[in-house]
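Listed below, chain by chain, are the residues.
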Amino acid sequence: MTDAAVHPSFPEAARVALADTQLRHNIGHATHTIRTKRAAAVAELPDWEQLREAGRALKERVLRHLDEHLLELEAAVQRAGGIVHWARDAEECNRIVADVVAVAGVDAVVKSKSLTTEETKLNEALAERGISAWETDLAQLIVQLGNDTPSHILVPAIHKNRAQIRELFLRTLPDAPADLSDDPRALAEVARRHLRRLFLETRVGISGVNFAIAQTGTVSVVESEGNGRMCTTLPEVLISVMGIEKLVPTWQDLEVFLQLLPRSSTAERMNPYTSLWTGVTDGDGPREFHLVLLDNGRTDVLADEVGRQALNCIRCSACLNVCPVYERTGGHAYGSTYPGPIGAILTPMLSGLDAAGSLPYASTLCGACYEVCPVKINIPEVLVHLRAEKVEHSRRAGGTAARLDPERLAMQTMARVFASRRLYEAAQRAGRLGQRPLVRRGRIDRLPGPLSGWTSMRDLSPLPDQSFREWWREHRA
Amino acid sequence: MSVQRASLFITCFNDTMFPRTGQAVVELLERLGVRVDFPLEQTCCGQVLFNTGYARETIPLVRRFVRAFADSELVVSPSASCVGMVRENYARVAELAGDAALAAQVEAIAPRVLELTELLVDRIGVVDVGAFFPHRVTYHPTCHGLRMLALGDRPVALLRAVRGIEFVDLPEANQCCGFGGTFAVKNADTSIAMATDKVRAILDTGAEVIVAADNSCLLHIGGMLSRQRAGVRTMHIAEILAQAEPARAGVPSTP
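Keep in mind that this is a model prediction, so the values were computed, not measured.

J.: Before we go on, may I ask you to explain the overall build of chain B in this structure?
T.: Of the regular secondary structure elements, chain B holds 13 helices and eight strands. A globule of 255 residues ought to have a C-alpha radius of gyration of about 18 Å, and chain B, at 18 Å, matches this closely. Dimensions of chain B, computed from the C-alpha atoms along their principal axes, are close to 50 × 50 × 25 Å. Counting contacts in chain B only where the partners sit at least 6 residues apart, residues at least 24 apart contribute 80% of the total.

Shown next as structure tokens:
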């Protein structure tokens, strides 16, 4: 995830996104629809809060014993005839996958939607080795055909509406009929014909992993379209890439997550396709199965006592759909594989605060994300924790620029003033005098410097002549 | 249920910018038979510092707070987010300070710090506070009141019981107004986009007054209403609840 380093900061990227009226309309509509549906799906379960608590507790236990569970998983996969690879980072992961594809002697692979391989930029790495990676999830296909990047965890093409998709299909899919309508069924049918041929022709499949069961080495992909089922059953060779945090100890634990995930994610009681496989089976499915276990910064996140809860994430995207910031800026503004509230904490932890330092501030701390999270990640808590990390980091780094940072000066001044009643009361009086040049016709409509952002569209009411404490001393004390 | 006395935690923001909210809390509580005191040593709870990442700078303010309110049986504040800061985050700050004594003081005081509508409904046990306010009003549940403190329907129940009031529901009420402290400045464009939608929802109700339990969010919403010359004013819920019916002025309403 090195792209964040060259990506503009969130406020800059957001300014561009906010001006895109089509995007505002598309994302506003989509998030409101799915938000309402999720609320209804969740309200059906009387034990939803207990399920959330169980999900959180299970994930926490997994993370406490991650080392043991991973070895258990490795042994179980090997016992079932699978091959396990360990990847320290994105580069190692991509090399392992490309090597397996090269040994298979093919120049094309089919892929089911996988955020983890988005994170490692696998498609680009395969292309460099002369291997074409075909995305088969409908929304991911739309993104790929448009040379675009995903803007949502679950619905990568959420920023596109059906008229835009129709236009894209007409331009990029040779099979698309000239009279293609923008009816979702017609659009899906064109994509289906295109994908069917790929599934039948391609000998290597690549998938992500939603859950891996340590006890038996069983790997699971949860999806809606059936493309994941095709990718994991039709090819001769299957390569599945999983983040090391994606495991659960036993089959019984899966029960909790298979209830939490679909309702949070697509607002369904149950998702249409849940594929589960254990190693390889003679005469059924792939003849060769590779499981790549990816770290890529995850053990660093695990070492962070407050931040490690981000590894609970099951990638449902409920936090994106309720986020008032995401709803308006869309996912691209985050400049990261993981957008929205979860991206605002996960990305800076995986790729460093230097690369994604503006993301922890891309939130009002309204808490809507925490409220819906099926594994109870306290995202506002982690956001504030990361802001503090950033402040501590610049404090340690020192230097004149850090010392003269206007925010730091303002915060330190406030801290000094509030630490003394005398200074605080003096500051109240000084504020009343100091504001005089700024007050025009009873309002402050223009503030200088960094505060000008406030008054670009909002007035500020001037400080009244008497503070509360002055009134109190006069009337009550 | 009866509450004899309560200490007012005004918050620096209300003390300096919205003294009339504090006056309203005092008048309201006195009318309900509560003796209010105001420890003058209080300054700021440190929420802005903490939420901006200056947790270390917050430590002295936590010490000051627990000292200022050490003798208070109950502390009441007209700010949901500052109450949230004390109840949710002070323990973390004490932990950061590595000071077990401070942690114990925080643990002792935090549950006694109540937001105004919590004090009214849960402790005093009153919903009809004997207020009179003959205006069309809508209510914005601010995020920290809604999700951190879970104020629920307390504020709306109090407002609905006000005589003469014409209360209308705010569409998409649970959506953040886009304030978020330094967010409003650091991410001004996104903040404005959020405030625009909030203001549109307010205007759609035809209300004359937009009410909340937090003046910080009202400063934000009101700033945009003022810029638009929208003809809608902001009021803290305490200011409405303090308005006594002329005929009944000075007569406390008992539940």
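J.: What is the right way to look at the overall build of chain A in this model?
T.: Within chain A, the regular secondary structure consists of 25 helices and 12 strands. Referenced to the eigenvectors of the C-alpha coordinate spread, the extents of chain A come out at roughly 90 × 55 × 50 Å. Buried residues in chain A amount to 48% of all 477 residues. A separation threshold of at least 6 residues defines the contact pool for chain A, and within that pool the share at least 24 residues apart is 73%.

J.: Could you clarify how one ought to interpret the environment of Asn 89 of chain B in this entry?
T.: Mapped onto the fold, Asn 89 of chain B is located in helix H5 (residues 80-97). Each C-alpha atom, one on Asn 89 of chain B and one on Pro 111 of chain B, is 12 Å from the other, the two residues being 22 residues apart in sequence.

J.: Is there a simple way to explain helix H7 (residues 116-124) of chain B in this structure?
T.: Given 3.6 residues to a turn, an α-helix orients residues that are three or four positions apart in the same direction. All of the buried residues along H7 of chain B are Leu 116, Thr 117, Glu 118, Leu 119, Leu 120 and Ile 124 of chain B. Buried residues along H7 of chain B sit against strand E1 (5-8), helix H2 (19-31), strand E3 (75-77), strand E4 (113-115), helix H9 (154-160) and helix H13 (237-241) of chain B.

J.: How should I be thinking about the interface of chain A and chain B in this particular structure?
T.: One widely used convention gives an interface's size as the accessible area the parts lose upon coming together. Listed by partner, the interface residues are 52 residues for chain A and 51 residues for chain B. The set of elements that each furnish at least two residues to the side of chain A that touches chain B consists of helix H2 (10-18), helix H16 (326-329), helix H20 (379-397), helix H22 (406-418), helix H23 (421-434), helix H24 (452-455) and helix H25 (468-475) of chain A. Class assignment of the residues belonging to the side of chain A that touches chain B gives a composition of 29 nonpolar, 12 polar and 11 charged.

J.: Could you clarify how one ought to interpret the sheet that holds strand E10 (residues 288-294) of chain A in this entry?
T.: In a beta sheet, neighbouring strands pair by backbone hydrogen bonds and run either parallel or antiparallel. All names here are of chain A. In spatial order, the strands read E1-E10-E7-E4-E2-E3; together these six strands make up an open sheet with parallel pairing. A single partner strand is all that each edge strand has here, and the edge strands are strand E1 (83-87) and strand E3 (132-135). When the angles between neighbouring strand axes are averaged without regard to direction, this sheet yields 25°. Where strand E2 (residues 108-111) meets E3, four bridges bridge the pair, whose relative direction is parallel. Bridge pairing links Val 109 to Ala 133 in E3.

J.: Just to check I follow, could you spell out the pairing of strand E6 (residues 218-223) of chain A for this structure?
T.: Side chains on a regular strand alternate between the two faces of the sheet. All names here are of chain A. Most of E6 sits out of view: six of its six residues are buried. In E6, alternate side chains face the same way, and those of Thr 218, Ser 220 and Val 222 on one face and Val 219, Val 221 and Glu 223 on the other are all buried. Relative to E6, strand E5 (residues 211-213) runs antiparallel, the two sharing three bridges. Within the sheet, the bridge partner assigned to Ile 213 lies in E6 and is Thr 218.

J.: Please explain the packing of helix H4 (residues 48-64) of chain A against helix H13 (residues 251-265) of chain A as it appears in this structure.
T.: Any two packed helices are characterised by how steeply their axes cross, that is the angle between the axes, and by the distance between the axes. Residues and elements named next belong to chain A. In contact at an axis separation of 10 Å, H4 and H13 are set at 125° when each is read in the N-to-C sense. Classified by the angle between their axes, H4 and H13 sit oblique to one another. The handedness of the crossing between H4 and H13 is left-handed. On the side of H4, the interface is formed by Leu 51, Arg 52, Ala 54, Gly 55 and Leu 58, while H13 contributes Asp 253, Val 256, Phe 257, Gln 259 and Leu 260. Taken together, the residues that form the contact of H4 with H13 break down as six nonpolar, two polar and two charged.

J.: Help me understand the domain arrangement of chain B, please; the structure alone is not making it clear to me.
T.: Residue and element names in this part refer to chain B. Taken domain by domain, chain B comprises domain 1 (5-124) and domain 2 (136-241). Placing a centre on the C-alpha atoms of domain 1 and another on those of domain 2 gives a separation of 22 Å. Taken together, the contacts link 24 residues of domain 1 with 21 residues of domain 2. Where the side of domain 1 that touches domain 2 is concerned, the elements lending two or more residues are helix H1 (12-17), H2, helix H3 (47-52), H5 and H7.

J.: Explain the domain arrangement of chain A here, please?
T.: Domain parsing of chain A yields domain 1 (3-298) and domain 2 (419-475). Relative placement of domain 1 of chain A and domain 2 of chain A: their C-alpha centres are 52 Å apart.

J.: Sorry, what's going on with the nonpolar core here?
T.: Note that soluble globular proteins tend to have their nonpolar side chains buried in a common cluster. Counting 221 residues, the largest nonpolar core has Val 97, Cys 319, Ile 345 and Ile 379 of chain A as the members making the most contacts within it. With eight residues, the top contributor of residues to this core is H5 of chain B. In this structure, Ile 345 of chain A is in contact with Gly 307, Ala 310, Ile 379, Val 382, Leu 383 and Leu 386 of chain A, ignoring residues within four places of it in sequence.

J.: Explain the confidence of the model for chain A here, please?
T.: Low pLDDT marks stretches whose predicted atomic positions should not be read closely. Chain-level pLDDT for chain A is 95 on average; 99% of the residues reach the 70-or-more range. In this model residues 1-5 of chain A is a low-confidence stretch, pLDDT under 50, and it forms 14 contacts with partners more than four residues away in sequence or in other chains.

J.: I would appreciate a short explanation of helix H6 (residues 90-104) of chain A in the present structure.
T.: All names here are of chain A. Compared with an ideal rise of 1.5 Å per residue, which puts 15 residues at 21 Å, H6 spans 21 Å between its outermost C-alpha atoms and is within 8% of the ideal. Those residues of H6 lying buried are Ala 90, Cys 93, Asn 94, Val 97, Ala 98, Val 100 and Val 101. Angular distribution of buried residues about the axis of H6 spans 155°; they occupy a single face of the element. Just downstream of H6 lies Gly 105, where phi reads positive at about 75°.

J.: Teacher, can you tell me more about the confidence of the model for chain B here?
T.: Mean pLDDT over chain B stands at 95; residues scoring 70 or higher make up 96%. Overall fold confidence for the complex sits at a pTM of 0.95, while the interface term, ipTM, reaches 0.95.

J.: I tried to follow the sheet that holds E5 of chain A on my own but got confused; where do I start?
T.: Residues and elements named next belong to chain A. With mixed pairing, the four strands of this open sheet are ordered in space as E8-E5-E6-E9. Taken across any chain shown, the strands that pair with only one partner, and hence form the sheet edges, are strand E8 (247-248) and strand E9 (273-278). With six bridges connecting them, E6 and E9 associate as antiparallel partners. Across the sheet, Val 219 pairs through a bridge with Trp 277, a residue of E9. Lying on the sheet, H13 is in contact with E5, E6, E8 and E9; it crosses E5 at an angle near 165°.

J.: Where do I start with the packing of helix H4 (residues 55-68) of chain B against helix H6 (residues 100-109) of chain B in this structure?
T.: Residues and elements named next belong to chain B. The N-to-C vectors of H4 and H6 enclose an angle of 55°; their axes lie 10 Å apart at closest approach. Taken together, the axes of H4 and H6 are oblique relative to one another. Pair H4 / H6 crosses with left-handed handedness. Counted together, Val 62, Arg 63 and Val 66 of H4 and Leu 102, Gln 105, Val 106 and Ile 109 of H6 form the full contact between these two elements.

J.: Please explain unusual backbone geometry as it appears in this structure.
T.: Phi at Ser 317 of chain A is positive, roughly 75°, even though this residue is not glycine. Ser 317 of chain A sits in the buried class, given 28 other C-beta atoms within 10 Å. Backbone geometry places Arg 229 of chain B, a non-glycine residue, at a positive phi of 50°. With respect to the helices and strands, Arg 229 of chain B occurs in the loop between helix H12 (215-227) and strand E8 (233-236). Assessed through the 7 C-beta atoms surrounding it within 10 Å, Arg 229 of chain B is described here as exposed.

J.: I'm lost on the pairing of strand E7 (residues 209-212) of chain B in this one. Help?
T.: Residue and element names in this part refer to chain B. Pairing between strand E5 (residues 136-139) and E7: three bridges, direction parallel. Among the inter-strand pairings, Thr 138 is bridged to a residue of E7, identified as Ile 210. By the bridge criterion, four bridges tie E7 to E8 in an arrangement that is parallel. Bridged to Val 209 within E8 is Arg 233. Taken together, E7, H12 and E8 constitute a β-α-β crossover, and its handedness is right-handed.

What counts, and at which threshold
- Residues numbered from 1 in each chain as written.
- Chains lettered and ligands numbered in written order.
- Predicted model: local features only at pLDDT ≥ 70, side-chain atom pairs only at ≥ 80, totals over all residues.
- Helix = DSSP H or I, 4+ residues; strand = E, 2+ residues; numbered from the N terminus.
- Rg over C-alpha atoms; globule rule 2.2 N^0.38 Å.
- Contact = placed C-beta atoms within 7 Å.
- Buried ≥ 20, exposed ≤ 12 C-beta atoms within 10 Å, placed from the backbone.
- Nonpolar A, V, L, I, M, F, W, Y, C, P; charged D, E, K, R; others polar.
- Pairing = 2+ DSSP bridges.
- Axes fitted to C-alpha atoms, helices over the stretch in contact; angles between N-to-C directions.
- Parallel < 35°, antiparallel > 145°, perpendicular 65-115°, else oblique.
- Left-handed = near helix turned anticlockwise from the far one by under 90°.
- Domains from an automatic or database assignment.
- Core = buried A, V, L, I, M, F, W, Y, C linked by C-beta atoms within 7 Å.
- pLDDT = per-residue confidence, 0-100.
- Expected span 1.5 Å × (residues − 1).
- Arc of directions from axis to C-beta.
- Right-handed = clockwise from strand over helix to strand, strands pointing away.

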